[in-house]
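Structural overview
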Amino acid sequence: NDVRNNYFSLEKDTARPYYILKDNTLLYQKPVITESFSKDVNRFLLTHSHFYRFAINRGRRLLQRSHDNNTLPIDYYVYQCNDTGGWAEAWDITEALILQMRDETEKMGADFVLMNLSNYFQIHDYEALSQLQIYAPTGDNVCWDIKHPNKRLEQLNDQEHLNYLDLLPPLKEDFDNDGQESHFIKDGHWNERGHRLAAQELYFFLNQNTLLPNSEL
C-alpha cells in the first residue's frame, strides 16, 4: 500500500501489523489490540448501521479539515527529493516487502508483477508542485519531485530485474492528449476511465511479456 503505511513512526496506528528491518531481515511486529465494551459497540454499529458509518466518516473528514487547514498532509512528503523524517526507513521496509513478496510468489511457481499506480496529484504535476511550495512549512527548504516514488521503484527494478509496470506515463499521456480526468478530484483514486485505462495497460504489459496463457507476441 502507501509507503507511509509500512512504517509505524509515520502511520502511528498500534492496531496495524508492521515490519522492521534488522540486519537486512524483515521482522514481524504484532499489532497491539486492546478490547473494551466501547470498541465492541463501535464494531457492532460499523457492521450493522449505514448511518453510523456515514456519520463517523463525515465527522473524521470535518475534524481533519479543521485540524489540517493550510498545512501539508504527511502523505505528500513521499514526493520530497530526499527521504527525510522517517521516509528513508519507510522506503527501505517497503522495498524489502516487495522483494519478499517476489520471492514467495516465485517459490509458488507464479510470476511476480510490480505495478505502480498513479494519482490525481501526479497527473496535475505543475499544480501539485505549486501547492506543495505554498503549504509546506516555512523554513523547511524541501526539494520536491512528483516522480520521486516512481524513480525509487525504477531503481529497485533496475537492481532486481522485476516485471515492473509504471502506470503514470500512460495515464499522464492520456490526460495530456484528451484532457479527461482518470482520477477523482476528491481523493485522487481512479474513476471509471482510470480503471479502464489501467486494465488495458496491464493486459498489454502481461501479453507483451508473455505472462498470460496464450500470449501473443
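Keep in mind it's a predicted model, so treat the numbers as computed, not measured. Counting of residues starts from 1 at the beginning of each chain's written sequence and follows it residue by residue. The predicted origin of the model limits local features to residues at a pLDDT of at least 70 and limits the giving and counting of side-chain atom pairs to 80 or more, whereas totals for whole chains, interfaces and linings rest on all residues. Side-chain figures throughout are based on the complete set of non-hydrogen atoms in the structure, without hydrogens or water.

**So, the side chain of aspartate 174**
Mapped onto the elements, aspartate 174 comes out in helix 8 (residues 168-178). Contact between two residues is taken to exist if any of their heavy atoms lie within 4.5 Å; hydrogens are not considered. For aspartate 174, the contacting residues outside a window of four places in its chain are Gly179, Gln180, Arg193 and Leu197. To qualify as a helix, a DSSP run of H or I must reach at least 4 residues; to qualify as a strand, a run of E must reach at least 2; elements of each kind are numbered from the N terminus.

**Quick notes on the packing of helix 8 against helix 9 (residues 192-208)**
When two helices pack together, their arrangement is given by the angle between their axes and by how far apart the axes lie. Here helix 8 crosses helix 9 at 130°, and the two axes come no closer than 10 Å. As summarised for this structure, helix 8 and helix 9 are arranged oblique, according to the angle between their axes. When the axes of helix 8 and helix 9 are compared, the crossing they make is right-handed. The segment helix 8 lies against helix 9, with Pro170, Leu171, Asp174 and Asp178 engaging Arg193, Leu197 and Glu201. Each residue is assigned to one class: nonpolar for Ala, Val, Leu, Ile, Met, Phe, Trp, Tyr, Cys and Pro, charged for Asp, Glu, Lys and Arg, and polar for all the others, Gly among them. Looking at the contact of helix 8 with helix 9 residue by residue, the class counts come to three nonpolar, no polar and four charged. In this description, a line fitted to the C-alpha atoms serves as the axis of each element, helices being fitted only across the stretch in contact, and the angle between N-to-C directions of two axes falls anywhere from 0 to 180 degrees. Note on angle classes: values under 35 degrees are labelled roughly parallel, values over 145 roughly antiparallel, values of 65 to 115 roughly perpendicular, and the remainder oblique. By definition, any crossing whose near helix is turned counterclockwise from its far helix by less than a right angle is left-handed, and any crossing with a clockwise turn is right-handed.

**Digging into helix 9**
Take the residue count of a helix, subtract one, and multiply by 1.5 Å to get its expected span. The end-to-end C-alpha distance of helix 9 is 24 Å, a good match for the 24 Å that 17 residues give at a rise of 1.5 Å each. Buried residues along helix 9 sit against strand 3 (113-116), strand 4 (163-166) and helix 8. The first or second residue beyond helix 9 is threonine 210, which carries a positive phi of 50°.

**Details of the nonpolar core**
Nine residue types can take part in a nonpolar core, namely buried Ala, Val, Leu, Ile, Met, Phe, Trp, Tyr and Cys, and a core is a set of them joined through side-chain atoms within 4.5 Å. Each residue is assigned to one of three classes by its accessible area relative to the maximum for its type, calculated with a 1.4 Å probe on protein chains only: buried under 20%, partly exposed between the two thresholds, exposed over 50%. In this structure, Tyr79, Ile98, Leu114, Leu132 and Trp144 are the most contacted members of the largest nonpolar core, which totals 28 residues. The set of elements that each furnish at least two residues to this core consists of helix 4 (87-107), helix 6 (125-135) and helix 7 (148-160). Those residues in contact with leucine 132, other than ones at most four positions away along the chain, are Leu72, Tyr76, Tyr79, Phe121, Trp144 and Ile146.

**Some details on helix 8**
Taken as a whole, helix 8 has its buried residues at Leu168, Leu171, Lys172, Asp174 and Phe175. One face of helix 8 carries all of its buried residues, which in axial projection span an arc of 155°. In this fold, the buried residues of helix 8 make contact with strand 3, helix 5 (120-123), helix 6, helix 7, strand 4 and helix 9. Following helix 8 by one or two positions, glycine 179 has its phi on the positive side, about 70°. Directions drawn from the helix axis to the C-beta atoms are what define this arc.

**Focus on the packing of helix 4 against helix 7**
Packing of helix 4 against helix 7 brings their axes to within 12 Å, and their N-to-C directions diverge by 45°. Looking at the two axes, helix 4 sits oblique to helix 7. When the axes of helix 4 and helix 7 are compared, the crossing they make is right-handed. Within the contact between the two elements, helix 4 uses Trp91, Asp92, Glu95, Ile98, Leu99 and Arg102 and helix 7 uses His148, Pro149, Arg152, Leu153, Leu156 and Glu160.

Worth remembering: the numbers are spatial, not functional.
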